[in-house]
Amino acid sequence: MTNASTLENMSPELLRVVERAQQEPEGRFHSLAHLIDVPALERAYHRSRKDAAVGVDGVTKEQYGQDLEQNLRDLHERMKAKRYRHQPIRRVHIPKEGGKTRPIGISAFEDKLVQDALREVLGAIYEQDFLDCSYGFRPKRSPHDAIRTLDRIVHRGEVSWILEADIVSFFDSLDRKKLKEMLEVRVADGSLLRLIGKCLHVGVLDGVELSTLETGTAQGSVLSPLLGNVYLHYVLDLWFEQEVKPRLRGRATLIRYADDFIIGFEQEDDARRVMEVLGKRLERFGLTLHPDKTRLLPFRRPPAEQKSGKGPATFDFLGFTFYWARSRKGRWGMFCKTRSASLRRAIRSVYGWCRRYRHLPVAVQHKALTRRIQGHFNYFAVSGNFRSLLLVLEQAKRSWYKWLCRRSQRKRLTWERFADLLRDFPLPLPRIMVRIWGS
């Protein structure tokens, strides 16, 4: 359901869409395109980030806003007259583990407004349809909420086996024809569907090479997360809830954040049966499970008489590694720590920043480093993960010290002088900011 704070920001027309979507879960909407009017585009403008990367047009939010009213009226007129054309998406490559990269699509500013206005209209419908197992890119839902759900089912004894799944290049593999069929279950407005098609069937500019892709939706697009949620709502969530769970002997819970998901099982034979059919189900919709990153593992609570060591296995989810260990009171419990790959990425990111910007004034460096470290803490500062946070802070200090030393050979920076500098420019101290266990 859409929460109250989200409803407050909606137009009266969108509120009526929400109300009807709730009352008629099987209903189809024939008139939606008129909701993407100038006020809707203006709301999208105010939601956009002022520091976002620019697309092929090179236009920033500030530049577009210099004549905002006229620009929005002109955009709306072109949409009404069917003269609006989505510009090519600029592709950039973000480094990943193992020397690989993640392609991110950056739309032109005007196209971002259209995508966000579309997202608002579609969200008014689909937020009423999405199941509780879905946490990604939804109002008032976060990765921490998904982890809290995992904690509850584990400590209620509902999990003895975990199916850890990874879909290969989900956003690039999504079948557009099947997505259109899914959207038509609820949306019968041809004008709105054509507008969504314009946002999907666009060229991709990678350097100087322009190409047109036949499948997928660009990662980085404002609209892509919602479309991805719609796709997996039909492919995975409804299938698991309506077809799989009724056939199982024990309890089972799906927890999904965008295309990242796990399934907890009470019974081993249930887990193995679902593992066997899951890949076939996804293949019907053009999706493939990663053979090395998809696995079934035991995750039952260790016996009380086991005095030392850890549980039977560990698994990764949403940047954390989950494992069984004894608490300070001697009880077995599930804990988590920052995943090794996430930890290495954070440390390398700070090191690289210190190296590239070592010649900036110390005050400027301090402000930027504080923002980066605090951003890491905001996500990973969950119950029981203090040691990983401390490691990031210590490595950040070492990186900053090393590259400040390279600034000048005449006046060497000693550790004592660096300690004095840290008193004037302190870095954020790690502290637990998100309570997970038992919440």
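See above for the structure.
None of the values given here were measured: they were computed from a predicted structure. (Residues numbered from 1 in each chain as written. Predicted model: local features only at pLDDT ≥ 70, side-chain atom pairs only at ≥ 80, totals over all residues. Heavy atoms only, no water.)

(A) Inspection of unusual backbone geometry at higher detail. Even without being a glycine, Lys82 presents a positive backbone phi close to 60 degrees. Turning to its location among the elements, Lys82 is positioned in the loop between helix H5 (68-80) and strand S1 (89-95). The phi dihedral of Lys140 falls on the positive side, at around 60 degrees, and the residue is not glycine. Mapping Lys140 onto the fold places it in the loop between helix H6 (109-126) and helix H7 (143-155). (Helix = DSSP H or I, 4+ residues; strand = E, 2+ residues; numbered from the N terminus.)

(B) Inspection of the side chain of Glu110 at higher detail. Assignment of secondary structure puts Glu110 in helix H6. Excluding anything up to four places from it in sequence, Glu110 contacts Asp57, Tyr64, Leu75 and Arg78. (Contact = heavy atoms within 4.5 Å.)

(C) Representation of the nonpolar core in the model. Counting 74 residues, the largest nonpolar core has Leu32, Ile36, Leu118, Leu122, Tyr126, Tyr231 and Phe265 as the members making the most contacts within it. Per element, the largest residue contribution to this core is 12 residues, and it comes from helix H11 (residues 224-244). Not counting the four nearest positions on each side in its chain, Phe265 is found in contact with Glu158, Val159, Ser160, Trp161, Leu163, Leu248, Arg251, Ala252, Asp270, Ala271 and Val274. Ranked by size, the runner-up nonpolar core spans 50 residues in total, among them Leu150, Ala258, Leu422 and Ile436. (Core = buried A, V, L, I, M, F, W, Y, C linked by side-chain atoms within 4.5 Å. Buried < 20%, exposed > 50% of the residue type's maximum accessible area, 1.4 Å probe, protein only.)

(D) Spotlight on the packing of helix H3 (residues 38-47) against H5. Across the interface, H3 lies against H5 with an axial gap of 9 Å and an inter-helix angle of 125 degrees. Judged on the interaxial angle alone, H5 and H3 are oblique. Between H3 and H5 lies a crossing whose hand is right-handed. For the pair H3 and H5, the contacting residues are Val38, Leu41, Glu42 and Tyr45 in the first and Leu68, Leu72, Arg73, Leu75, His76 and Met79 in the second. Taken together, the residues of the contact of H3 with H5 break down into 7 nonpolar, 1 polar and 2 charged. (Axes fitted to C-alpha atoms, helices over the stretch in contact; angles between N-to-C directions. Parallel < 35°, antiparallel > 145°, perpendicular 65-115°, else oblique. Left-handed = near helix turned anticlockwise from the far one by under 90°. Nonpolar A, V, L, I, M, F, W, Y, C, P; charged D, E, K, R; others polar.)

(E) Summary view of helix H16 (residues 415-424). For H16, the complete set of buried residues consists of Phe418, Leu421 and Leu422. One face of H16 carries all of its buried residues, which in axial projection span an arc of 100 degrees. Facing away from the buried side of H16 by over 90 degrees, the exposed positions are Glu416, Arg423 and Asp424. (Arc of directions from axis to C-beta.)

(F) Summary view of the packing of aromatic side chains. According to the stated counting rule, one finds 21 aromatic pairs in the structure shown. Taking 5.8 Å as the distance between ring centres and 45 degrees as the angle between the ring planes, the aromatic pair formed by Phe137 and Tyr257 counts as tilted. Taken together, the residues span a long stretch of sequence, with Phe137 in the loop between H6 and H7 and Tyr257 in strand S6 (residues 252-257) at a distance of 120 residues. Look at Tyr257 and you get buried, because its relative accessible area is 17%. Geometry around Tyr135 places Arg141 over its ring, the cationic atom sitting 4.7 Å from the centre. Positioned above the aromatic ring of Trp403 is the side chain of Arg406, whose terminal nitrogen or guanidinium carbon lies 4.8 Å from the ring centre. (Phe/Tyr/Trp six-rings, centres within 6.5 Å; stacked < 30°, edge-to-face > 60°. Lys NZ or Arg CZ within 6 Å of the ring centre and 35° of its normal.)

(G) The environment of Ala81, seen in detail. Within the fold, Ala81 resides in the loop between H5 and S1. Residue Ala81 is classed as partly exposed on the basis of its relative accessible area, which comes to 43%. For the pair Ala81 and Leu369, spaced 288 residues apart in sequence, the C-alpha separation works out to 49 Å.

(H) Geometry of a positive patch on the surface. A cluster of basic residues, Lys96, Lys100, Arg102, Lys293 and Arg345, forms a positive patch on the protein surface. Mapped onto the secondary structure, Arg345 falls in helix H13 (residues 340-356). (Patch = residues over 30% accessible without salt bridge, like charges linked within 9 Å, V, L, I, M, F, W, Y side chains within 5 Å. Areas by Shrake-Rupley, 256 points an atom, 1.4 Å probe, with all protein chains shown as cover. Salt bridge = Lys/Arg side-chain N within 4 Å of Asp/Glu carboxyl O. Lys, Arg positive; Asp, Glu negative; His and termini not counted. Charge placed at Lys NZ, Arg CZ, Asp CG, Glu CD.)

(I) A look at the sheet that holds strand S7 (residues 260-265). Strands sit in the order S6-S7-S3-S8 across an open sheet of 4 strands; the sheet is antiparallel. The two strands at the open ends of the sheet, each matched to only one other strand, are S6 and strand S8 (295-298). The average angle at which neighbouring strand axes cross in this sheet is 20 degrees, direction not considered. As defined by bridge partners, S6 adjoins S7 across 6 bridges and the pair is classed as antiparallel. If you follow Ile255 over to S7, its bridge partner there is Ile262. Against the sheet, H7 makes contact with strand S3 (161-166), S6 and S7, and its axis sits at roughly 165 degrees relative to S6, the strand it touches most. Contacts between helix H12 (residues 268-283) and the sheet are confined to S3, S7 and S8, with S3 contributing the most and set at about 15 degrees to the helix. (Pairing = 2+ DSSP bridges.)

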